[in-house]
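Residue-level structural notes
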Amino acid sequence: MRWRGRRGSSNIEDRRGRGFTGRTAGIGGAGAILIIVVGAFLGVDLTPLLQGTAPQSSQSAPVTEADQAAAEFVSVALADTEDVWTTIFDQQLGRAYDPAVLVLYKGVTQSPCGGASGATGPFYCPLDEKVYLDTAFFTTLSQRLGASGDFAAAYVVAHEVAHHVQNELGILGQTQRIRAQVSEVESNAISVRTELQADCFSGIWARYARDQLGTLEPGDISEAMNAAKQIGDDTLQRNAGQVPQPHTFSHGTSAQRQAWFARGYETGDISTCDTFSANSL
C-alpha cells in the first residue's frame, strides 16, 4: 500500500501519553451488564475488564517509534476512507458523508461504550461515533494472529470505519433494537450479518482505493484476504484449542469474511452488501 508522504486525516483524537487512571476493573452489577451487552453488540472482547486483568493506566505504556509510525499510517488510512466514502455517498446515495473520528490510545482509555484496553481490540462506538484503536494491536495482528502487511492493518481500519458507515445509514440502530429483543443465539446471528456487511463495505473501500486513489500494490488484496481469514470466528476458536461452536459466532467464519470482502471488492456497489436479506452467507 502506497501511504508514505500522503495526506493524513485531521479527524484523529490522540490520547497516547495522556494517561488514564480511571477504574477499569472490578466492575459489577449494572456496570458489568452494560459492558457485556456493549461487547456483544460491537464484537469486542471486554471480558478482561471484568476479570480485573486490564492495565490500570496508560502512563505505563510509553509511545515508541513503532507506535508513532503506526499512528502516521492510521492517519493516512483514515484519510483514504474519508475520500472514498465521500465519493461513494455522493455517487451511490446522493448524500453527504460525515466522517468518523478515530481515537488513538496506548494502554487504557474510556469510551461511552465502556472501558477500552489493548485486550479489547479496535472497535467502533456508535454512542460517540468514534473508532478506538490501540496502535499496539497491529503487532498483535501480525505476530499473534498471523495477518502481516500494511494493507492487512488498513483493512482493520476500514472495517471499523465501515461500522460508522452502517451507523450513518441507520443500520446499527436497527440491529441494536432487534438484538435487545431476541435470544442470545439469534443476537449472535444478527451480529454475524452486521460484521459481514462491514467486511463487504471494506471490500468496496479497497476497490475505490485501487481505482480512485491508486494506492494498492501487488499483494495488498491477498494481505486483506488473509487478515479476514485469520480473524474468522472458526479460525480464532481453533487456534485457541477449541472446537468451533457456530452458535457462538459473532463475526462469521473465515470463508464468509473472505467471501463478503471479495464481493464488495469485485462490485464496488453498496447494494450488493445486503447481508440481512441474503438467504445464505
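Reading the values: the criteria
Residues numbered from 1 in each chain as written. Predicted model: local features only at pLDDT ≥ 70, side-chain atom pairs only at ≥ 80, totals over all residues. Heavy atoms only, no water. UniProt positions renumbered as here; feature names shortened; annotations may be inferred. Helix = DSSP H or I, 4+ residues; strand = E, 2+ residues; numbered from the N terminus. Buried < 20%, exposed > 50% of the residue type's maximum accessible area, 1.4 Å probe, protein only. Areas by Shrake-Rupley, 256 points an atom, 1.4 Å probe, with all protein chains shown as cover. Pairing = 2+ DSSP bridges. Disulfide = S-S within 2.5 Å. Salt bridge = Lys/Arg side-chain N within 4 Å of Asp/Glu carboxyl O. Expected span 1.5 Å × (residues − 1).

As recorded in an unreviewed UniProt entry, the protein goes by Neutral zinc metallopeptidase and comes from Leisingera aquaemixtae. Reading the Subcellular location (unreviewed entry) entry of the UniProt record for the protein gives the comment "Membrane".

1. Things to note about the overall build of the protein
Each helix and strand in the protein was counted, giving ten helices and six strands. Taking all 281 residues of the protein together, the buried fraction comes to 52%. As displayed, the protein has an accessible area near 12,300 Å², and 50% of this comes from carbon and sulfur atoms.

2. Regarding the pairing of strand S2 (residues 101–105)
Across a regular strand the side chains alternate sides, sitting on one face of the sheet and then on the other. With four of five residues buried, S2 lies mostly within the body of the structure. Pairing between strand S1 (residues 12–14) and S2: three bridges, direction parallel. Across the sheet, the residue bridging to Asp-14 is Leu-104, located in S2. Relative to strand S6 (residues 130–134), S2 runs parallel, the two being bridged by five bridges. The residue of S6 that forms the bridge with Val-103 is Tyr-132.

3. Some thoughts on the state of the cysteines
Applying the stated criterion across every chain, the model contains two disulfides. What pairs with Cys-113 in a disulfide is Cys-125, and their sulfur atoms sit 2.1 Å apart. Looking down the S-S bond of the Cys-113 and Cys-125 bridge, the torsion is 85°, so its handedness is right-handed. Note that Cys-113 is positioned in the loop between strand S3 (108–111) and strand S4 (114–117) and Cys-125 in strand S5 (residues 123–125), a separation of twelve residues in sequence. Cys-125 matches Cys-113 in its accessibility class, with the two residues each being buried. With its disulfide-bonded cysteines labelled consecutively along the sequence, the protein is connected as 1-2, 3-4.

4. Brief notes about the pairing of S3
Sheet analysis places S3 next to S4, joined by four bridges and oriented antiparallel. Looking at S4, one finds that Ser-111 is bridged to Gly-114. Connecting the antiparallel pair S3 and S4 is a turn made up of two residues.

5. Notes on the pattern of salt bridges
In total, this model carries eleven salt bridges according to the counting rule given. Taking the shortest distance from any N to any O, the salt bridge between Lys-130 and Glu-13 comes out at 2.7 Å. Remark: Glu-13 occurs in strand S1 and Lys-130 occurs in strand S6; sequence separation between them is 117 residues. Judged by its relative accessible area of 19%, Lys-130 is buried. Between Arg-210 and Asp-211 there is a salt bridge, with the nearest N and O atoms lying 2.6 Å from each other.

6. Observations concerning helix H3 (residues 65–93)
Between its terminal C-alpha atoms H3 stretches 41 Å, which fits the 42 Å expected from 29 residues at 1.5 Å a residue. A positive phi of about 65° marks Gly-94, the residue just after H3.

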